[in-house]
Amino acid sequence: MAGNVNVSFVCQRCLQPLFLDPTFGNVDEHRKAELSVPLFSSPEADLDLQEASFDHFVPAFHLSDSENGSQNGSNSFTILGDGETSNLSQQMKRAVNIFDIISGNTEINHPLCEECTDTLLDIMDQHLRMIDDDCLHYKLYLQKLNKTEDFDLQALTKELEDLQEEEIRLTDELKSLQEEEKKVDEDIVKAEKEKERLETDEERFWREYNKYSREKFVLEDEFRSLDYQLNYAQVHLERLKKNNVFNTTFHIWHKGHFGTINNFRLGRLPTAPVDWSEINAAWGQTTLLLVSLARKCNLTFERYRLIPYGSHSYVEVLGDHKELPLHGSGGFRFLLNPKFDSAMVAFLDCLQQFKEEVEKRKSGFNLPYRMEKGKIKDSGTGKSYSITIQFNSEEQWTKALKLMLTNLKWLVTWVSSQFTPE
């Protein structure tokens, strides 16, 4: 050689640098042919070797890669020395060729260091022992089968046929179950869709339920409110039914020697000179009351028609078309107004007609005081009192008016009893 060329290889397992023995390159062609013969390699052994291999793995080194070693990295080798780097020595080429043959003929990449080789040999020995044990077990089982004298081939054939029929039956059953499973899956899909629809309906139902519940609460509150209003109205109606509308509207009572209607005194006394405006208002209320009672009973008076006109009420004479004033003015002793007296007599005549109409409708009804021709008789004392002013005293006139209001109050009571529902 022209110079000393030191080549450093790397172990394909642990990546440690290797220094080859100088005699490694003196392998003849006969030895290379032996190395080229394919070796038996079991996939299971290779699997075990791969499982027991080290963490690092370097692909097999080939001479063709050496030209680009400086670019490829881990598969390259390093040339040390002072000689030329472009050409390898013949010895180096032979070593590389041998490593290519060995790596291509086996599942193990070369070169390997001594430690990695020992480890690999231990793994292969262990796998070889396992294979030997399996072979031994197979041989023993084969010998056992050969020694069996009552081996019934026909029974085994029959059993095989039965098993095959069973397999066919189970296969058909499996297909049937698969079809059923498919139908069940379709039913599940339909059920899921139905479930989604029902959930949507349920959600809509609860929304509507909450809406109607709220409306129900509002209506119940309104119903209770209306019910309370109705109860109040009924109670108030019952109270009103028990009341006498005529007594409420026209309150007839007395104040000492005076008869009163709606607190207006009717009459005059020397000790209590009542103003004529109050007397006229009392006569207006009395006229309105009698007209209302007659209208309630559908009664039309004969000869007279009462015209309620407040403090200026009057009586119309039907035959003569005259108007008799039912109101007065001035003093009592110097009052010379026969029309006023005639009006009061006509009013008493109308009251008598109303009393006779009541007696026709209800036999046995009698007023407490008898009335006739402008006079009222007290049945208790037997005295008669004139309702006119002329040729009369204030006391007797006031007494006659009080007795007239008493009879009128009795008629009010009768009319109310006739038209009040029980």
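You'll find the structure just up there.
Since this is a predicted model, take the numbers as computed values, not measurements. (Residues numbered from 1 in each chain as written. Predicted model: local features only at pLDDT ≥ 70, side-chain atom pairs only at ≥ 80, totals over all residues. Heavy atoms only, no water.)

1. Observations regarding the sheet that holds strand β12 (residues 384–386)
As a general point, the strands of a sheet are linked pairwise by backbone hydrogen bonds and lie either parallel or antiparallel.
Item 1. In spatial order, the strands read β10-β11-β12; together these three strands make up an open sheet with antiparallel pairing. The sheet is open, and its two edges are formed by β10 (369–372) and β12, each paired on a single side. Pairs of neighbouring strands in the sheet enclose a mean axial angle of 25°, with direction left out of account.
Item 2. Of the strand pairs in this sheet, β10 and strand β11 (residues 375–378) are connected by four bridges, and their pairing is antiparallel. Paired with Glu372 across the two strands is Lys375, which belongs to β11.
Item 3. Along the sheet, helix α9 (residues 338–361) makes contact with β10 and β11, crossing β10 at roughly 120°. (Pairing = 2+ DSSP bridges. Helix = DSSP H or I, 4+ residues; strand = E, 2+ residues; numbered from the N terminus. Axes fitted to C-alpha atoms, helices over the stretch in contact; angles between N-to-C directions. Contact = heavy atoms within 4.5 Å.)

2. Notes on the packing of aromatic side chains
Item 1. Inspection of the entire model under this criterion finds six aromatic pairs.
Item 2. Centre to centre, the rings of Phe205 and Trp206 are 5.3 Å apart; their planes meet at 65°, and the pair counts as edge-to-face.
Item 3. For the pair Phe205 and Tyr209, a centre-to-centre distance of 6.0 Å together with 25° between the ring planes defines the contact as stacked. One end of the pair is Phe205 and the other is Tyr209, both in helix α6 (residues 153–242) and four residues apart, which spans about a single turn.
Item 4. Residue Phe205 is classed as partly exposed on the basis of its relative accessible area, which comes to 45%.
Item 5. Classification of Tyr209 as partly exposed rests on a relative accessible area of 43%.
Item 6. Through successive ring pairs, a cluster of aromatic residues spans Phe205, Trp206 and Tyr209.
Item 7. Lying over the aromatic face of Phe258, Arg265 brings its terminal NZ or CZ to 5.5 Å of the ring centre. (Phe/Tyr/Trp six-rings, centres within 6.5 Å; stacked < 30°, edge-to-face > 60°. Buried < 20%, exposed > 50% of the residue type's maximum accessible area, 1.4 Å probe, protein only. Lys NZ or Arg CZ within 6 Å of the ring centre and 35° of its normal.)

3. Considering the sheet that holds strand β4 (residues 252–255)
Item 1. The sheet built from three strands is open, its strands ordered β4-β5-β6 with antiparallel pairing. Looking at the sheet topology across the chains shown, the edges are occupied by β4 and β6 (264–266). On average, each strand axis in the sheet is inclined to that of its neighbour by 40°, with strand direction left out of account.
Item 2. Here β4 runs beside strand β5 (residues 258–261); their pairing, made up of four bridges, is antiparallel. The residue bridging Lys255 from the neighbouring strand is Phe258, located in β5.
Item 3. Against the sheet, helix α8 (residues 276–296) touches β4, β5 and β6, its axis set at about 90° to β6.

4. Here we look at the pattern of salt bridges
Side-chain pairing between opposite charges can occur once the charged atoms of the two side chains come close.
Item 1. Considering all chains together, one arrives at 15 salt bridges under this definition.
Item 2. The partner of Arg197 in a salt bridge is Asp201, and the shortest N-O contact between them spans 2.8 Å. Taken as a pair, Arg197 and Asp201 lie in helix α6 at a separation of four residues, close to a single helical turn.
Item 3. Given a relative accessible area of 22%, Asp201 falls into the partly exposed group.
Item 4. Note that Arg265 and Glu278 form a salt bridge whose closest N and O atoms lie 3.2 Å from each other. Of this pair, Arg265 sits in strand β6 while Glu278 sits in helix α8, and the two are 13 residues apart along the sequence. (Salt bridge = Lys/Arg side-chain N within 4 Å of Asp/Glu carboxyl O.)

5. Focus on a nonpolar patch on the surface
Item 1. A contiguous nonpolar patch, built from Phe205, Trp206 and Tyr209 and spanning about 340 Å² of accessible area, is present on the exposed surface.
Item 2. Residue classification places Trp206 among the partly exposed residues on the basis of a relative accessible area of 42%. (Patch = residues over 30% accessible without salt bridge, like charges linked within 9 Å, V, L, I, M, F, W, Y side chains within 5 Å. Areas by Shrake-Rupley, 256 points an atom, 1.4 Å probe, with all protein chains shown as cover.)

6. A closer look at a negative patch on the surface
Item 1. On the surface, Glu114, Glu115, Asp118, Asp122 and Asp125 cluster together into a patch of negative charge.
Item 2. Take Glu115: its relative accessible area is 64%, and that puts it in the exposed class. (Lys, Arg positive; Asp, Glu negative; His and termini not counted. Charge placed at Lys NZ, Arg CZ, Asp CG, Glu CD.)

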